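Residue-level listing of the chains:
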Amino acid sequence: NNDTITDGGGGGDDDDDDDDEDDEDEDENSFRPSLTDRAVALFVSGFAFLERGNQDGAKSRLSSALKLAHAKTKDTQLVAACLRALGSIASERSASNEQQQALDMLQSAFTLSKAQDDLDGQVEALRRLVESHEKKGSSEKEKKTLSDYLQKKEKQMEDDLGKLSKEENKNNVVMLEKGLKDLMK
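*Asks:* When you look at the packing of helix H2 (residues 35-51) against helix H4 (residues 76-92) in this model, what are you seeing that I'm missing?
*Replies:* Two quantities define a packed helix pair, namely the angle between the helix axes and the distance between the axes. Here H2 crosses H4 at 25 degrees, and the two axes come no closer than 11 Å. Between H2 and H4, the interaxial angle falls into the category roughly parallel. As H2 runs across H4, the sense of the crossing is left-handed. Where H2 approaches H4, its residues Ala39, Val40, Phe43, Phe47 and Leu50 are matched on the opposing element by Leu78, Ala81, Cys82, Ala85 and Ile89. The residue inventory of the contact of H2 with H4, partitioned by class, reads 10 nonpolar, no polar and no charged.

*Asks:* Explanation requested: the packing of aromatic side chains in the structure shown.
*Replies:* Where two aromatic rings form a pair, the distance of their centres and the angle of their planes describe that pair. In this structure the tally under the stated criterion is two aromatic pairs. Taking NZ or CZ as reference, Arg52 lies 5.0 Å from the ring centre of Phe49, over its face.

*Asks:* Help me understand the environment of Ala85, please; the structure alone is not making it clear to me.
*Replies:* As for its position among the elements, Ala85 is in helix H4. Taking the relative accessible area as the measure of exposure, Ala85 reaches 1% and is therefore buried. Taking the C-alpha atoms as reference, Ala85 lies 8.6 Å from Leu106; in sequence the two are 21 residues apart. The residues touching Ala85, leaving out its near neighbours within four places in the chain, are Phe47, Leu62 and Arg128.

*Asks:* Help me understand the side chain of Thr73 in this model?
*Replies:* Along the chain, Thr73 falls in helix H3 (residues 55-73). Thr73 sits in the buried class, given a relative accessible area of 18%. A distance of 2.8 Å separates the side chain of Thr73 from the backbone oxygen of Ala69, its partner in a polar contact. Sequence-distant contacts of Thr73, that is, excluding residues within four places in its chain, are made with Leu35, Thr36 and Leu68.

*Asks:* What should I look at first to understand the confidence of the model for the protein in this one?
*Replies:* Regions with low pLDDT should not have their predicted coordinates read in detail. In this model, the protein carries a mean pLDDT of 81, and residues with pLDDT of at least 70 account for 81%. Per-element confidence in the protein is highest for H3, whose mean pLDDT is 92, and lowest for helix H1 (residues 15-30), whose mean pLDDT is 48.

*Asks:* Would you explain H3 in this entry?
*Replies:* Side chains of residues three or four places apart in an α-helix project in the same direction, reflecting 3.6 residues per turn. A rise of 1.5 Å per residue sets the reference length of H3, with its 19 residues, at 27 Å; its end C-alpha atoms lie 25 Å apart and thus fit the reference within 8%. Of all the residues in H3, the buried ones are Gly57, Ala58, Leu62, Ala65, Leu66, Leu68, Ala69 and Thr73. Of the surrounding secondary structure, the elements contacted by the buried residues of H3 are H2 and H4. If you check the start of H3, you find a side-chain oxygen 3.4 Å away from the backbone N of Asp56, and it comes from Asn54. Directly after H3, the chain includes Lys74, whose backbone phi takes a positive value near 60 degrees.

About the criteria used
- Residues numbered from 1 in each chain as written.
- Predicted model: local features only at pLDDT ≥ 70, side-chain atom pairs only at ≥ 80, totals over all residues.
- Heavy atoms only, no water.
- Axes fitted to C-alpha atoms, helices over the stretch in contact; angles between N-to-C directions.
- Helix = DSSP H or I, 4+ residues; strand = E, 2+ residues; numbered from the N terminus.
- Parallel < 35°, antiparallel > 145°, perpendicular 65-115°, else oblique.
- Left-handed = near helix turned anticlockwise from the far one by under 90°.
- Contact = heavy atoms within 4.5 Å.
- Nonpolar A, V, L, I, M, F, W, Y, C, P; charged D, E, K, R; others polar.
- Phe/Tyr/Trp six-rings, centres within 6.5 Å; stacked < 30°, edge-to-face > 60°.
- Lys NZ or Arg CZ within 6 Å of the ring centre and 35° of its normal.
- Buried < 20%, exposed > 50% of the residue type's maximum accessible area, 1.4 Å probe, protein only.
- Polar contact = N/O pair within 3.5 Å; in protein donor to acceptor, adjacent residues only side chain to side chain.
- pLDDT = per-residue confidence, 0-100.
- Expected span 1.5 Å × (residues − 1).

Structure below.
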């Protein structure tokens, strides 16, 4: 995208105005988003296309986000999110090679999420894996194994959220007690 901006003003003799415009352009161009910001923007843009039902546009942007995140930023959480989204798109298509691609991407997303202890990412990848295995017509044993593992991870997530709530409640009580003590001083 090397769009060139040209001055439509017929090339006047006022050099001072041109210099001022160039200075403004330099200031505008001096801000360059980080590679991670660009990858995230592509990822969000891909999801916007997906929401509008444009799978090809989504796939293009998510693929670009994946390449950038994987090759340049090493942001494994973003890589896993891109793989989950792309795996879901591939899973919705009917071609058998796309079904296998979906399974491969979703398995990779799960593995990355597991390596990061990203339980939410693991559960999401497993849900999509189960759906993809259903669509592909995988063996009942394979589907059951995945479903059982998904249930185990969902239970773990539920337990962790329960613990977090209890811990949050304890912290709130401590803060309230501290606040009361401060008020009584």
